[in-house]
Amino acid sequence: MSVALTSAAVPTSTRSDKVRVMVVDDSVVIRGMISRWIGAEPDMEVVASLRTGLDAVNQLERFNPDVAVLDIEMPDLDGISALPQLLAKKRDLVIIMASTLTRRNAEISLKALSLGASDYIPKPESTREATAAETFRHDLIQKIRHLGAKARRSPVHTTASPPLAPGHDKPRTGLAPVAAPAAPTQITRRSFGLLQPKVLLIGSSTGGPQALMSLVAEIGPVIDRVPVLITQHMPPTFTTILAEHLARTSKRPAHEGIDGESIRPGQIYLAPGGRHMRIARHGIDATIVLDDGPPVNFCKPAVDPMFTSAIDVWQGSIMSVILTGMGSDGMRGGKDIVAAGGSVIAQDEASSVVWGMPGAAVNAGICAAVLPLNQIASKLVRVFAGDRS
């Protein structure tokens, strides 16, 4: 039996300033836990707590949520099947997929991103494990807050768009397309570094997997010339699968970084979930160092350790890119790269799922270019071919 947490007598057109959340999970324990967490936040509220994807589809108009936290494995209609039906009814609905950390569920979560989900979050195996539950709580609340706030600022018609074909050059998210705003007037743009870059470093978070797929598909000439190292905020298992997807999309070797391995041109190295990926000099080789230290910027892996450590190896011959994501990870490392003579490109706000990380870099005045996602690859190809304009 589905349980609504708000009165059905409240008209759906009456909307407070709070982000409205629908929790969909067949576990009454998980539904109750998530609902309590959301209820404790002053800027969000649970408008429905439902057991199946079918309940969510049937009652979407009644509760009119901004965000749906959608479990993958449910009776009647599972999460991946409910996803397109929910978006068909409300195109700008933010959907966060929630699943236990298995390879199958990680694969499904990444597939959900290509079908229109905005983000994913791994559920702890046991809610009795305090540390895991607290991490889950922190991450979930932040995702709801940032994604829900953007969706409320960007209302659109609820007519669904057709699904993207595989390999399409623009990532699709559960968020509505946003018309490109006028160019900001206060962006400080730096010149590109004078040195020929010898490596490409990329940092990303929320919205990153789809952005990375789009990017690596178009930068083959860069990958062939230099190594590409990526830190995407992601848990273990998810990064393993993401690396496989990056290899297929780029048609270049891609794998999780291995502690002590030499870094070579023509390869994509992805920071493994739960470990920071740093770079060190070993003789004449640049090598990967995996770090099991504490989170940085609440993240592990984090972008800043990769960015900063690369300076000791390549000095100012570094090109770095900061893609969509929450928080400010990558900004401090980007400052260090620029101070050493390297360059930073940031994704622009209109094409970002969340403009936290790239926005922090832009506001810090460290970027040589601020570009829509679909223009970053061509810019990188030109820069690595010698164009510093």
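Here, the structure is the one placed above.
### Describing the overall build of the protein
Phase 1 of the analysis: Per the secondary structure count, the protein includes 12 helices and 14 strands.
Phase 2 of the analysis: Counting over 389 residues, the protein shows a buried share of 54%.
Phase 3 of the analysis: For the protein, long-range pairs separated by at least 24 residues make up 76% of all intrachain contacts whose partners lie at least 6 apart in sequence.
Phase 4 of the analysis: On the protein, roughly 16000 Å² of surface is accessible, and the fraction owed to carbon and sulfur atoms is 54%.

### A few points about the sheet that holds strand β4 (residues 94–100)
Sheet strands pair by backbone hydrogen bonding; their relative direction is either parallel or antiparallel.
Phase 1 of the analysis: A sheet is described by the order of its strands in space; here five strands give the open sequence β2-β1-β3-β4-β5, paired in parallel fashion. At either margin of the open sheet sits one strand with a lone partner, and together these are β2 (44–50) and β5 (119–123). For this sheet, the mean angle separating the axes of adjacent strands, direction not counted, is 25°.
Phase 2 of the analysis: By the bridge criterion, five bridges tie strand β3 (residues 67–71) to β4 in an arrangement that is parallel. In the strand pairing of β4, leucine 70 is matched with methionine 97.
Phase 3 of the analysis: Sheet strands in contact with helix α1 (residues 28–39) are β1 (19–24), β2, β3 and β5, and its direction is about 165° off that of β2.

### Describing α1
Phase 1 of the analysis: Along its 12 residues, α1 runs 16 Å from first to last C-alpha, staying within 8% of the 16 Å computed at 1.5 Å per residue.
Phase 2 of the analysis: Listed as buried for α1 are Ile30, Arg31, Met33, Ile34, Ser35, Trp37 and Ile38.

### Here we look at the pairing of β1
Phase 1 of the analysis: Where burial is concerned, most of β1 is hidden: six out of the six residues are buried.
Phase 2 of the analysis: Going residue by residue along β1, you find Val19, Val21 and Val23 tucked away on one face and Arg20, Met22 and Val24 tucked away on the opposite face as well.
Phase 3 of the analysis: Where β1 meets β2, six bridges bridge the pair, whose relative direction is parallel. Following the sheet pairing, arginine 20 is matched in β2 by glutamate 45.
Phase 4 of the analysis: Between the parallel pair β1 and β2, the chain is carried across by α1, and the sense of this crossover is right-handed.
Phase 5 of the analysis: Two strands pair when backbone bridges link them, and β1 and β3 are joined in this way by four bridges, in the parallel orientation. Bridge pairing in β3 places valine 23 opposite valine 69.

Conventions used here
- Residue numbering note: each chain is counted from 1, following its sequence as written.
- Predicted model: local features are reported for residues with pLDDT of at least 70 only, side-chain atom pairs are reported and counted for 80 or more only, and whole-chain, interface and lining totals are derived from all residues.
- Hydrogens and water are ignored here; the side-chain numbers use all heavy atoms of the structure.
- Numbered from the N terminus, helices here are DSSP runs of H or I no shorter than four residues, and strands are runs of E no shorter than two.
- Burial here depends on accessible area, computed with a 1.4 Å probe over protein chains only, as a share of the maximum for the residue type. Under 20% is buried, over 50% is exposed, and the range in between is partly exposed.
- What makes two residues a contact is simply this: any of their non-hydrogen atoms within 4.5 Å.
- Reported accessibility uses the Shrake-Rupley method at a 1.4 Å probe radius. Residues are deemed covered only where the shown protein chains occlude them.
- Between any two strands, at least two bridges found by DSSP are needed for them to pair.
- The axes used here are C-alpha line fits, helices contributing only the stretch in contact, and every angle between their N-to-C directions lies in the interval 0 to 180 degrees.
- By this rule the span expected of a helix is its residue count minus one, scaled by 1.5 Å.
- Here a crossover is taken to be right-handed if, once the strands point away from the viewer, the path from the first strand over the helix to the second is traced clockwise.

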